[in-house]
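Here are the chains, one letter per residue:
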Amino acid sequence: MSGTSADGIDVALVRVSSEKARLENSAALAFPARVRDAILRLGEGRPTTTGEISQLNFLLGVIFADAALAACRKFRVRPSQIAVIGSHGQTVFHQGAAALFCGYKVASTLQIGEPSVIAQRTGITTVGDFRPADMAAGGQGAPLVPFVDYLLYGDVRVGRAALNIGGISNVTVIPRAANISDVFAFDIGPGNMVIDALVRHFTRGRKMFDRHAELAARGKLLPRLLAELLHDAYFRRSPPKTAGREQYGEKYVRHILTHAEARRADAADVIRTATILTALSIVDAMHRFIPARAGVSELIVSGGGAHNPLVMAQMQAALPEIRLRTSGEFGVPGDAKEAFAFALLGWQTLQRRPSNVPRATGARKSVVLGKVCYAL
């Protein structure tokens, strides 16, 4: 798994038996700096060529394959022991809702990291390109993790919401005693993406993220900037909905930096304000879109944002009636959860079983996700 922040590759080793799945091990590997720069450049929609996209697609296939083989060595398992690799790929474009293009209304998504290369280089059957099948069925292609959230966190007595704070924040709502048809989910808005971009800007690339909110802790809130950012129309749009670098990438960060209040402020003030934006947009979504009948009393947090003490403290202060927990308490550490999810989704595909959640994505029906690339 590599997310919208492109901060590295997460690998999870998952044992599946019957309807149960258990995390055996996990690892995180860094991208080469030039490769990460190329990913971010494409994700921001900067000028490129079809040749560059094609080259990066195959290069990432090699890098993902090498990451899988390195993880096998670290975990002391042979590639021949692995039934399937589930590879989400690297998102470089996502248009979940149809938009006008060449006179037609079209929705589309593009994840690169060629799964055929992964299969041939590792000798392991690989499933990739998960999102298009859901979109072909009328869905927005995201979020896809709710199927796994339901398996991990469903409970007959407790209503739960699973919050992932990656580059984008997203939430899955699992009412108590829920069936899969009761589960719904949506992308909330910017998670770490805007904070990370501001840190890179103000440190001139010396830092990639605000570790333990050290920079934000030195700053003060910019109230007018925050108020303007919280009026983003996306926050008010009803689910199902998806967000990405298209909304909260370079253009959005430039808007923040040119705001009158930000221009007069210290870097730490701007970073603190973006951090509070992440927390309050989550709180707003919890109040605005999660009905009382869902009975949510626990919020299970994963992703890089779970390590940000300022985000966590702000959420807990604003949601005193909800108990904050981490995904690690349920057997899957937050940093490994999405890799765990796509391993399981890959297995579902290999068994020809559907794994989208139509109420989360807006699809007309459940579908089998992904494309299977055999190593033979």
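Shown above is the structure to which this text applies.
It should be emphasised that the depicted structure is a prediction, and the values quoted were computed from it without experimental measurement.

What counts, and where the lines are drawn
Residues numbered from 1 in each chain as written. Predicted model: local features only at pLDDT ≥ 70, side-chain atom pairs only at ≥ 80, totals over all residues. Heavy atoms only, no water. Phe/Tyr/Trp six-rings, centres within 6.5 Å; stacked < 30°, edge-to-face > 60°. Lys NZ or Arg CZ within 6 Å of the ring centre and 35° of its normal. Helix = DSSP H or I, 4+ residues; strand = E, 2+ residues; numbered from the N terminus. Buried < 20%, exposed > 50% of the residue type's maximum accessible area, 1.4 Å probe, protein only. Polar contact = N/O pair within 3.5 Å; in protein donor to acceptor, adjacent residues only side chain to side chain. Contact = heavy atoms within 4.5 Å. Pairing = 2+ DSSP bridges. Axes fitted to C-alpha atoms, helices over the stretch in contact; angles between N-to-C directions. 1 Å grid on protein atoms, 1.4 Å probe; cavity = no way out; pocket = protein on both sides within 12 Å on 5 of 7 lines; lining within 4 Å. Points joined across faces, edges and corners; volume = space filled by probe spheres on them. Nonpolar A, V, L, I, M, F, W, Y, C, P; charged D, E, K, R; others polar.

**Some thoughts on the packing of aromatic side chains**
1) Next: In this structure the tally under the stated criterion is six aromatic pairs.
2) Next: Feature note: the residues Tyr234, Tyr248 and Tyr252 constitute an aromatic cluster, connected by ring pairs.
3) Next: For Lys241, the ring lying beneath its charged end belongs to Tyr234, and the centroid distance is 4.3 Å.

**Quick word on the side chain of Glu261**
1) Next: Examined against the element boundaries, Glu261 turns out to sit in helix H12 (residues 260-263).
2) Next: Classification of Glu261 as buried rests on a relative accessible area of 8%.
3) Next: Among the polar contacts listed, one links the side chain of Glu261 to the backbone nitrogen of Arg224, at a separation of 3.0 Å.
4) Next: Among residues more than four places away in sequence, those in contact with Glu261 are Leu222, Pro223, Arg224 and Leu225.

**Some words on the sheet that holds strand S9 (residues 184-190)**
1) Next: The five strands lie next to each other as S9-S8-S7-S10-S11, forming an open sheet whose pairing is mixed. In this open sheet, the two edge strands, each paired with only one partner strand, are S9 and strand S11 (323-326). Going across the sheet, the axis of each strand differs from the next one's by a mean of 25°, ignoring polarity.
2) Next: As paired strands, strand S8 (residues 168-174) and S9 are joined by six bridges and run antiparallel to one another. Opposite Thr172, over in S9, you have Ala185 as the bridge partner.

**A short note on the environment of Ile39**
1) Next: Within the secondary structure, Ile39 sits in helix H1 (residues 33-43).
2) Next: For the pair formed by Ile39 and Lys105, sequence separation is 66 residues and the distance between their alpha carbons is 27 Å.
3) Next: Not counting the four nearest positions on each side in its chain, Ile39 is found in contact with Ala6, Phe31, Leu56, Leu60 and Gln90.

**Some details on unusual backbone geometry**
The phi torsion of most residues other than glycine is negative, and most of the peptide bonds are trans.
1) Next: Note that the residue after Ala142, namely Pro143, is joined by a cis bond; omega there is -10°.
2) Next: Following the sequence through the fold, Pro143 ends up in the loop between helix H4 (131-136) and helix H5 (146-153).
3) Next: Going from Pro239 to Pro240, the amide bond is cis rather than trans, its omega being 0°.
4) Next: Residue Arg76 is not a glycine yet carries a positive backbone phi of 60°.
5) Next: When you line up the elements, Arg76 lands in the loop between helix H2 (50-75) and strand S3 (85-87).

**Details of the layout of surface pockets**
1) Next: Counted as a void, the second largest pocket has a volume near 710 Å³.
2) Next: Lining of the second largest pocket is provided by 31 residues; of these, Ala12, Leu13, Val14, Ile82 and Val84 occupy positions nearest its centre.
3) Next: Mapped onto the lining of the second largest pocket, the elements with two or more residues apiece are strand S1 (9-17), H2, S3 and helix H15 (337-350).
4) Next: Ranked by the residues each element gives to the lining of the second largest pocket, the list is headed by S1, at eight residues.
5) Next: Considered class by class, the residues forming the lining of the second largest pocket number 22 nonpolar, six polar and three charged.

As far as function goes, none of this settles anything; it's purely spatial.
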